[in-house]
Amino acid sequence: MDKELFIEKFTGKLPKDIKSASPQQLHDALGKTVMEMFADRWDNARQQHLSKRRAAYLSMEFLVGRAVYNNLLVLGIYDEVDEAFRELGIDLASLEEIEDAALGNGGLGRLAACFLDSAATLALPLDGYGIRYKYGLFKQSIEDGFQKEDIDDWTRYGDPWSVRCDEDTVLIEYSGQTVKAVPYDMPVFGFRTENVGTLRLWQAEPVKEFDFDLFNKQDYLEASREKIYAEDISRVLYPNDDTDEGKKLRLKQQYFFSCASLTDIIRKHKARFGTLENLADYISVQLNDTHPVISIPELIRQLVDNEGFTFEKALEMAKKIFNYTNHTVMQEALEKWRTDLVEELLPRIYSIIIQINEALIADMYAAGVQKEKTDRIKIIKGDLIHMADMACYASSHINGVAEIHTQILKDSVLADWFSLAPEKFRNETNGITQRRWIALCNRELSSLITELLGDDNWINVLDRLRELVKFADDENVLRRFIDIKQGKKQQLADFIKAHDGIDTDANTVFDIQIKRLHEYKRQLLNAFSILWIYYGIKDGSIQDFTPTTFIFGAKSAPGYRRAKAIIKFINEVGRIVSSDPDTRDLIKVVFVQNYNVSYAEKLVAAADVSEQISTAGTEASGTGNMKLMLNGAVTLGTFDGANIEIVQEAGEENNYIFGARVEDLEKIVPEYDSRSIFANDPMVKKVVSSLIDGTVSDGGSGDFRELYTALLDGASWHAPDHYYLLGDMRDYVETKLRCIKDYSADRHAFARKQWLNMCNSGKFSSDRTIADYAANIWGIKQ
Ligand code: 26Q
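Cut-offs and rules
- Residues numbered from 1 in each chain as written.
- Predicted model: local features only at pLDDT ≥ 70, side-chain atom pairs only at ≥ 80, totals over all residues.
- Heavy atoms only, no water.
- Core = buried A, V, L, I, M, F, W, Y, C linked by side-chain atoms within 4.5 Å.
- Buried < 20%, exposed > 50% of the residue type's maximum accessible area, 1.4 Å probe, protein only.
- Helix = DSSP H or I, 4+ residues; strand = E, 2+ residues; numbered from the N terminus.
- Contact = heavy atoms within 4.5 Å.
- Near = heavy atom within 4 Å.
- Polar contact = N/O pair within 3.5 Å; in protein donor to acceptor, adjacent residues only side chain to side chain.
- Areas by Shrake-Rupley, 256 points an atom, 1.4 Å probe, with all protein chains shown as cover.
- Nonpolar A, V, L, I, M, F, W, Y, C, P; charged D, E, K, R; others polar.
- Pairing = 2+ DSSP bridges.
- Axes fitted to C-alpha atoms, helices over the stretch in contact; angles between N-to-C directions.
- Parallel < 35°, antiparallel > 145°, perpendicular 65-115°, else oblique.
- Left-handed = near helix turned anticlockwise from the far one by under 90°.

Quick question: what am I supposed to make of the nonpolar core here?
What tends to happen in soluble globular proteins is that the nonpolar side chains get buried as a cluster. If you look at the biggest cluster of nonpolar residues, it comprises 203 residues, and the most contacted ones within it are F10, L30, I172, F256, I356, W755 and W778. Residue contributions to this core peak at nine residues, all from helix α9 (residues 248-273). When near neighbours in sequence (up to four residues on either side) are disregarded, F256 contacts I172, Y174, V179, K180, A181, W202, Q203, A204 and I233. Membership of the second largest hydrophobic core comes to 69 residues, among which are F528, Y534, I542 and L725.

Quick look at the structure:
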């Protein structure tokens, strides 16, 4: 980078008195400068992508987080820009005030962002398509222990990392409404390559801004109606990451970006080839869960209605073009749309879905499939359209996101489809990008790795970390590793103090659980274990407990009552242990506010222990587990999702695994009686009873009693203790206590385990995942 030129361009965009510039102004000027500097590179890469077979990743969520630091890092100009800033007397760290782009809920959205990073870095022609929500995932604060939500206006101070492309606007038609989809493109810079991917996010706008006739007739509200109604479509990200509420606006969102993206793909193809006959040879479309599955009838609609293809030919092409990834085994999350809703909003799409359904039934008949089975897998069942069945029927490849998850898909969730088309199924174990999740967020540990390996090409080839296994018994290296971890813990403690106003002690064990709040992820079990330890210290059954800070970061869907009650409960447990002089120096509970990508970067680097405690068989994969491992944390977890593969790579002896496994649960569940555990294990009884015995307060809402009842009596929609908290509790606490004891008993032996986790995390690079998708699903090349 030419530093002088950079400074000239950059300062040209700032007020004369640079020191008076606000972080927002600095960010805007920096973003624009970098975008200018790399505009040609991006242009070239775009042309390249269009010249060969390429893939498109369709996702309702891209949880990209903060762009600025990551872009500087991957462009290889971080240090130079940092230096230039210092010469100018300004601080690069002040840009921490810039909002995260939280255009996703959690794992599925963050995975999409990691995939784009990896594909760009591997010089693969992959581009993302999604929605440019005006408001991302809500901003969370904690008040009196309760979650409060506020809007997340992420572009409040501008968005220098996007380019609006009016010329590629698409018109989207619903019955009774037409809106514009205007694309905003974000560059996805590859690391050490000229390749740049594009994330194209569509924004909804009215065809007509304002109706002057109505205005003149003094109907002011009506004059702006069309605008408001259009903009509603991309106004806000749905904050649910599980249950399908079947909301009309969400269906509109799905159709909005599916139609816009396919139109874009078709336009570009036609511009290059003048025909669509060879479309399937040049494009592969990945459907990120069922959310974009309406793309299937939409592609067929465009081919048939606009391009003169027969339905049969269009369906055959769709089957070649689409692939489907499933991210969850929860039945509630498999999307189903009411036929009358789809018919009312998208009549033509509805008629095509009927045709696809008929084609499916005819195919099954011809193949001699029994009627009962066809009835189970057909797309329209009763008055519901089953999006996962449509995806399975019209996709070339179907994949799960970890070995165990893919097995569960084959055995149960999609068993009928597996029996009909086993060749379509693949496993693609998730991964994370090591650029953001260590090189950027843990520069200290990265420097040590680079020094020991002699160069930094591990940032492209993460498997090279294995070469560091030999240092596991090197006192000196371990000492430095421990010091780095200590430094990251102190940085986190300082940040928590500044951000949340809470004191923590970096000399304690940092035990961290960060993920969306869900019953199946069992944050409640973690809270119970802390209470257990508290009571154990009080009654003397637990002695010499090593001081530990239990850190939680999680957002609950705003309408998910139990999850919100669990947040309050965690904070109540925190209050109890901190207000008791017997424990206040031993246990600290911190629930950080507004956990997001940027907070995650600080938390993963500082963790000693990674809590991954979902009920076996419920977490499809998990990706936070990989981030914590990569930064040298041990996993305290169940045999679930990618934990299984983590332990396979890093060794069971270097992690802390507990609890029932899927095969155990299959036997246990039919006869499971949480009440008998409650009655027979006094400590289980004591901690669970705390929900209702006056120990803690839910502010009079009755929510804690509801949690209690759910554990012991169940509810109309589930059996008692559906997620097996009581069953796993004793083993969990014992394993946790052993883990914490190991930490203080021999800090070096524990650091050795942590080190070995880092060394063996190479498999979990999303570079590996993406290389596999590229070779085996998309058929795209560098
Ligand atoms: C569906 C219908 C209506 C409204 C919302 C939804 C919805 C939205 C988001 C359903 C699911 C999601 C997100 C799911 C998700 O993040 N799953 C996670 O995906 C990760 C990446 O594969 C896995 O690692 C996690 O295990 C899985 O929970």
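Anyway, onward from the coordinates.
What's the story with the site of the ligand in this structure? I'm lost.
Residues in close proximity to the ligand total 21 residues, the closest being L108, H327, N430, E619 and G622. One of the side-chain N or O atoms of H327 is found 2.6 Å from an oxygen atom in the ligand. Between E619 and the ligand, the recorded distance is 2.6 Å, taken from a side-chain N or O atom to an oxygen atom. When the ligand sits alone it has 610 Å² of accessible area, and the protein chains cover 95% of it. For the shell around the ligand, the leading source of residues is helix α6 (residues 107-121), giving three residues. Of the residues contributing to the shell around the ligand, the split by class is five nonpolar, nine polar and seven charged.

Can you walk me through the environment of V369 in this structure?
By the secondary structure assignment, V369 is in the loop between α14 (347-366) and α15 (371-377). We classify V369 as buried; its relative accessible area is 17%. On a C-alpha basis, the gap between V369 and D305 in space is 32 Å, while along the polypeptide they are 64 residues apart. With near-sequence residues (within four places) excluded, V369 lies in contact with M364, T374 and L420.

Where do I start with helix α30 (residues 703-712) in this structure?
At 3.6 residues per turn, the α-helix brings residues three or four places apart onto the same side. α30 sits mainly inside the fold: seven of its 10 residues count as buried. Residues of α30 that are buried: D703, F704, L707, Y708, A710, L711 and L712. Immediately beyond the C-terminal end of α30, within one or two residues, lies G714, with a positive phi of roughly 80 degrees.

Where do I start with the pairing of strand β9 (residues 177-189) in this structure?
Regular strands place side chains that alternate from one sheet face to the opposite one. Within β9, 11 of the 13 residues are buried, leaving the element largely enclosed by the surrounding structure. The sheet contact formed by strand β7 (residues 163-164) and β9 spans two bridges and is antiparallel. In the sheet register, R164 faces β9, and the bridge partner there is Y184. Inspection of the sheet shows strand β8 (residues 170-174) paired to β9 by five bridges, in the antiparallel sense. Residue L171 lies in a different strand from β9, and its bridge partner there is K180. Here 11 bridges tie β9 to strand β10 (residues 196-206), and the two strands are oriented antiparallel to one another. Within β10, the residue paired with V179 across the bridge is P206. Here β9 hands over to β10 after six residues, with R192 in that stretch at a positive phi of 55 degrees.

Could you clarify how one ought to interpret the packing of helix α11 (residues 295-306) against helix α12 (residues 311-321) in this entry?
Two numbers describe a pair of packed helices, the interaxial angle and the distance between the axes. Following both chains from N to C, one finds α11 and α12 inclined at 140 degrees, their axes separated by 9 Å at the closest point. Considered as vectors, α11 and α12 are oriented oblique to each other. Crossing hand, α11 versus α12: right-handed. Where α11 abuts α12, its residues L299, I300, L303 and V304 lie against F311, A314, L315, M317, A318 and I321. Grouping the amino acids of the contact of α11 with α12 by side-chain chemistry returns 10 nonpolar, no polar and no charged.

Scope: geometric values only; no functional claims are made or implied.
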